[in-house]
Amino acid sequence: MRTPVSRYEQGMLALLLVAGALVLFALFVTAQRRDLADFFRPDAPLYVVTGDGQGVTPGSPVRLRGIEIGSVQRVELQPDAHYPGRDVRMTLGIRPKNLNFLGDRSQAVINVPPLGAASIDLISDGTGHLAKGAVLVARDEESLSDSLTRAARDLSSLSSQLA
């Protein structure tokens, strides 16, 4: 024989379901690293072209002055006649409120720390504002592995000259 469910128990179940949904929503917002006000606004797209992805993956953070302002949404090989030799195209999603901090001559630098994940650092420059959909050419900087390889080669040639 089934025990009847009272109105009180039905109300408590509904309250628990609503509270659970709110907790899941809050966890999702936190995982996206967004303000609640920005949650319902789509990210502003920016593009970075470079010759080497250097370990950047979708989800990698995009920072301006050390503050995370977005994330990498896509990384793909896509030849572009306007940027020969820079076949890696990254699509960045920038939170709309942060787009105003980027000048019209902003630059992108791929930051590859010795330990940890790669990120994109944006350097703001210029007097105007960067438009949605702008293409930034990543500044070529020597990676740590390139520096160590060059140093090993220099030491090897120095030791052969001394011998």
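Figured I'd write up the structure that's included with this text. Every value quoted in this text rests on a predicted model; they were computed, and no experiment measured them.

### A look at the side chain of Thr50
Item 1. Mapped onto the fold, Thr50 is located in strand β1 (residues 44–50).
Item 2. We classify Thr50 as buried; its relative accessible area is 2%.
Item 3. Here the side chain of Thr50 touches Asp52 through a polar contact of 3.5 Å, landing on its backbone oxygen.
Item 4. Excluding its chain neighbours within four sequence positions, the residues that come into contact with Thr50 are Arg86, Asp87, Val88, Met90, Ile110 and Ala138.

### Let's talk about the environment of Ala44
Item 1. If you trace the backbone, Ala44 turns up in strand β1.
Item 2. Sequence separation between Ala44 and Gly93 is 49 residues, and the spatial gap between their C-alpha atoms is 5.5 Å.
Item 3. When near neighbours in sequence (up to four residues on either side) are disregarded, Ala44 contacts Leu92, Gly93, Ile94, Leu99 and Lys132.

Definitions and limits used
Residues numbered from 1 in each chain as written. Predicted model: local features only at pLDDT ≥ 70, side-chain atom pairs only at ≥ 80, totals over all residues. Heavy atoms only, no water. Helix = DSSP H or I, 4+ residues; strand = E, 2+ residues; numbered from the N terminus. Buried < 20%, exposed > 50% of the residue type's maximum accessible area, 1.4 Å probe, protein only. Polar contact = N/O pair within 3.5 Å; in protein donor to acceptor, adjacent residues only side chain to side chain. Contact = heavy atoms within 4.5 Å.

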